[in-house]
Amino acid sequence: GGGRPPRRCLGAMACYGTEQRGRPNSPDYRLYFKNADGKYISPFHDIPLFAGSKEDKEIPAKRSKTTGTEIVFNMIVEVPRWTNAKMEIATEEPLNPIKQDIKKGKLRYVANIFPHKGYIWNYGALPQTWEDPNHTDNNTGCCGDNDPIDVCEIGSKVRSSGEIVQVKVLGVLALVDEGETDWKIIAISVDDPEAQKIHGKYFYLYKNKLYIDDVRKHKPGYLEATIDWFRSYKVPDGKPKNHFAFNGEFKDKDFAVEVIKSTHEYWKALLHKKADGGTIKCTNVLVSGSPFCCSEEQARSIVQS
């Protein structure tokens with residue numbers, strides 16, 4: 001047992017806690033999620049995509065002098081920056097705890113890609129999104145990877161696994177991984193000291209590639225390192241280099257938000273049985289009208305078992 005209690009809630013900001021089962025760095029380790037009321041929930045399905053919204057119809061916007069409105073998303077941190085264990089939301093287990101990925105019977109770790117150490121951002125996913133493997137993406141011509149959409153958070157703080165962070169989106173990279181589209185959203189925590197200065201709007205050309213100018217200004221080298229990392233991270237496992245759609249260019253914030261919204265629609269279809277999720281577990285506690293909704297008691301017995 002044990003784990004972080006839900007933090008005291010500030011205003012309407014939802015707070016979440018986690019509870020560990022099993023031993024860290026072992027195949028039976030699981031990190032389950034609870035909401036502010038101490039109810040067990042699914043991080044994949046029960047945490048709202050749009051931060052601060054009770055109803056997902058309203059897209060909350062933070063007003064800021066420079067940008068007008070800013071959409072803020074919840075991000076689930078799976079892998080803290082500088083660590084190597086490939087922790088991920090278990091999409092095929094009820095209530096979708098975080099667990100360590102297993103490949104060929106072994107716990108999976110990513111190699112250090114010189115000069116980097118482990119993952120170079122806080123890495124995680126956006127809740128209530130799903131890249132439908134039966135849908136061919138218009139932009140990339142590839143199918144989705146059957147997971148929630150991935151996020152690279154570039155703020156300066158090292159986060160912990162299971163943390164829920166409110167982020168603003170800056171851009172997106174389209175990795176093509178073994179024939180599947182695997183979007184990598186670039187985002188920054190809204191409480192980062194640099195967050196107010198970076199908007200993900202302007203582009204500059206570097207080695208014939210477009211980069212997001214204000215990210216480069218405040219986080220120099222970070223986007224180039226991101227390309228480098230994703231291109232090479234599977235090479236130590238004997239795989240070829242990865243490649244990218246759009247010639248390895250970042251798309252801007254508006255493009256990224258459109259991609260997120262479309263994966264949110266696929267998720268809705270999944271939770272209302274309008275799309276076939278195969279082995280994905282849609283058990284949830286809070287999604288109104290979903291046929292996969294379960295009671296608090298059922299959720300508790302899932303965790304206890």
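Residues numbered from 1 in each chain as written. Predicted model: local features only at pLDDT ≥ 70, side-chain atom pairs only at ≥ 80, totals over all residues. Heavy atoms only, no water.

An unreviewed UniProt entry annotates the chain as inorganic diphosphatase of Thinocorus orbignyianus. Turning to the chain, the UniProt record has this under Sequence similarities (unreviewed entry): "Belongs to the PPase family." Recorded under Subunit (unreviewed entry), the UniProt text for the chain is reproduced unchanged: "Homodimer." (UniProt positions renumbered as here; feature names shortened; annotations may be inferred.)

For the rest of this paragraph, the subject is unusual backbone geometry. Backbone torsion omega between Phe-114 and Pro-115 reads 0°, so that peptide bond is classified as cis. With respect to the helices and strands, the residue Pro-115 is situated in the loop between β10 (106-107) and β11 (122-125). With a phi angle near 70°, Leu-95 is a residue other than glycine that sits in the positive phi range. (Helix = DSSP H or I, 4+ residues; strand = E, 2+ residues; numbered from the N terminus.)

Time to look at the side chain of Asn-284. You can see Asn-284 is positioned in the loop between α4 (253-271) and α5 (296-304). For Asn-284, a relative accessible area of 0% corresponds to the buried category. At 3.0 Å, the side chain of Asn-284 forms a polar contact with the backbone nitrogen of Val-287. Setting aside chain neighbours within four positions, we find Asn-284 in contact with His-45, Asp-46, Leu-271, Ser-290, Phe-292, Cys-293 and Cys-294. (Buried < 20%, exposed > 50% of the residue type's maximum accessible area, 1.4 Å probe, protein only. Polar contact = N/O pair within 3.5 Å; in protein donor to acceptor, adjacent residues only side chain to side chain. Contact = heavy atoms within 4.5 Å.)

This paragraph deals with the pairing of strand β14 (residues 164-177). Most of β14 is tucked away, with 14 of its 14 residues classed as buried. For strand β6 (residues 73-79) and β14, the ladder comprises four bridges, and the chain directions are antiparallel. What sits directly across from Met-75, in β14, is Val-165. By the bridge criterion, 10 bridges tie β14 to strand β15 (residues 180-189) in an arrangement that is antiparallel. When the bridges of β15 are listed, Val-172 appears paired with Ile-185. Hairpin connection, β14 to β15: the antiparallel pair is bridged by two residues, and Glu-178 has positive phi, about 50°. By the bridge criterion, two bridges tie β14 to strand β19 (residues 251-252) in an arrangement that is antiparallel. Bridge pairing links Val-172 to Lys-251 in β19. (Pairing = 2+ DSSP bridges.)

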